[in-house]
Amino acid sequence: MKIAVMQFPGTNCEFETLVAVKEVGMEGEIFRWNRPEGELSCFDGFIIPGGFAYQDRLRAGAIASKEPVLNTLKEEAASGKPILGICNGFQILVEAGLLPGLVPGGERVEMALAQNVMVSKGQIVRRGYYCDWVYLRHDASSRRCSGSYLIEMGALLKIPIAHGEGNLVTASPGLIKKLNDQEQVVFRYCDRNGRVIDEFPVNVNGSTESIAAICNPQGNVLGMMPHPERAFFAWQLPSFDPRKHRPNEPGPGRRIFESMKRYIEVESC
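The rules behind each value
Residues numbered from 1 in each chain as written. Predicted model: local features only at pLDDT ≥ 70, side-chain atom pairs only at ≥ 80, totals over all residues. Heavy atoms only, no water. Helix = DSSP H or I, 4+ residues; strand = E, 2+ residues; numbered from the N terminus. Rg over C-alpha atoms; globule rule 2.2 N^0.38 Å. Buried < 20%, exposed > 50% of the residue type's maximum accessible area, 1.4 Å probe, protein only. Contact = heavy atoms within 4.5 Å. Areas by Shrake-Rupley, 256 points an atom, 1.4 Å probe, with all protein chains shown as cover. Lys, Arg positive; Asp, Glu negative; His and termini not counted. Charge placed at Lys NZ, Arg CZ, Asp CG, Glu CD. Pairing = 2+ DSSP bridges. Axes fitted to C-alpha atoms, helices over the stretch in contact; angles between N-to-C directions. 1 Å grid on protein atoms, 1.4 Å probe; cavity = no way out; pocket = protein on both sides within 12 Å on 5 of 7 lines; lining within 4 Å. Points joined across faces, edges and corners; volume = space filled by probe spheres on them. Nonpolar A, V, L, I, M, F, W, Y, C, P; charged D, E, K, R; others polar. Phe/Tyr/Trp six-rings, centres within 6.5 Å; stacked < 30°, edge-to-face > 60°. Lys NZ or Arg CZ within 6 Å of the ring centre and 35° of its normal.

K.L.:
Break down the overall build of the chain for me, citing the residues and quoting the values.
P.N.:
In terms of regular secondary structure, the chain is built from five helices and 13 strands. Scaling as 2.2 N^0.38, a compact globule of 269 residues should have a C-alpha radius of gyration of about 18 Å, and the chain matches this with 17 Å. Along the three orthogonal principal directions, the C-alpha set of the chain runs to about 55 × 50 × 35 Å. The buried share among the 269 residues of the chain stands at 54%. At a minimum sequence separation of 6, the contacts of the chain that also span at least 24 residues come to 73%. About 11,600 Å² of surface is accessible on the chain, with carbon and sulfur atoms providing 50% of the total. With 30 positive and 31 negative side-chain charges, the chain shows a separation of 4 Å between the mean positions of the two kinds.

Below is the structure:
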């Protein structure tokens, strides 16, 4: 299994993402945006990591989504190969239309990841960039999505976020209903007990229905705002105690990459 970790100007999480890919037993390499896009066909899966592609000019992910490699990723996704977009990668997938966002033809946008707006008790308490550890509740069935293939419904993961534009908004309430009905909402922000509370600090960015991650209808493309590569090892967690934990004990983020590997093993056979 060979994974392409995509790199655009401004990407800054490609190396730790590549470490995660290799630690779960897959091969991988960093694939720069200006390489011939035809070379992507030799990979079994793709990850667009976090960062600030093209400095998030215009909108986060907007410029990167127009690169020729994204057209090839659309073709690879249509063939069933898994794609994981993390933070800026999620934004790029939405802007490119690989996840609900740009309507085919490009004439209108149905969903966007807008500027964070933190609301508590009906009042806006903060806007813009925010970095913290959050709890996620897995709201999809296991095997529904490539990036959560091995994760049971209702499971909680503690993973960090670091973004300024993760507020999922839609042009119509009907799209959210569709995402829920088709089980495309993969993770929601929640508290340590798994309760979804639609206000700050549990809902860290104002996202509609506390949505933190969604997949495409086929389940092979996942976009998520939190950074699983930053919680891959237990020593990355705030609660890590070297007296109680092994140096390379797995963290919760590892399950995302293990899921992608298992998805390729099972669904590509």
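This is not the end of the story, as more comes after the structure.
K.L.:
Explain the sheet that holds strand 4 (residues 83-86) to me, using residue names and the numbers behind them.
P.N.:
Ordered by their spatial adjacency, nine strands build an open sheet running 2-1-3-4-13-12-11-8-9, and the pairing between neighbours is mixed. Lying at the two open borders of the sheet, with one neighbouring strand each, are strand 2 (27-32) and strand 9 (156-163). Strand-to-strand twist of the sheet, defined as the mean angle between neighbouring strand axes without regard to direction, takes the value 25°. Direction of pairing for strand 1 (residues 2-7) relative to strand 2: parallel, over a ladder of six bridges. Among the inter-strand pairings, Ala 4 is bridged to a residue of strand 2, identified as Glu 29.

K.L.:
Describe in detail empty space enclosed by the protein, supporting the description with residues and values.
P.N.:
In total, this model carries one cavity of 30 Å³ or more according to the counting rule given. In this structure, the largest cavity encloses a volume near 30 Å³. Pro 82, Ile 83, Leu 84, Ser 146, Gly 147, Leu 222 and Met 260 are the residues that line the largest cavity. Class assignment for the residues of the lining of the largest cavity results in five nonpolar, two polar and no charged.

K.L.:
Kindly report on the pairing of strand 9, identifying the contributing residues and their values.
P.N.:
Here strand 9 lies mainly inside the structure; six of its eight residues are buried. Bridge count between strand 8 (residues 130-138) and strand 9: eight bridges; the pairing is antiparallel. Of the residues in strand 9, the one forming a bridge with Tyr 130 is His 163.

K.L.:
Quick rundown of the packing of aromatic side chains? Include the residues and the values.
P.N.:
Per the stated rule, a full pass over the model turns up seven aromatic pairs. Judged by centre distance (5.9 Å) and plane angle (85°), the rings of Phe 31 and Phe 43 are edge-to-face. Highlighted residues: Phe 31 in strand 2 and Phe 43 in the loop between strand 2 and strand 3 (45-48), separated in sequence by 12 residues. Residue classification places Phe 43 among the buried positions, given a relative accessible area of 1%. The ring of Phe 43 is capped by Lys 2, whose NZ or CZ atom sits 5.1 Å from the centre of that ring.

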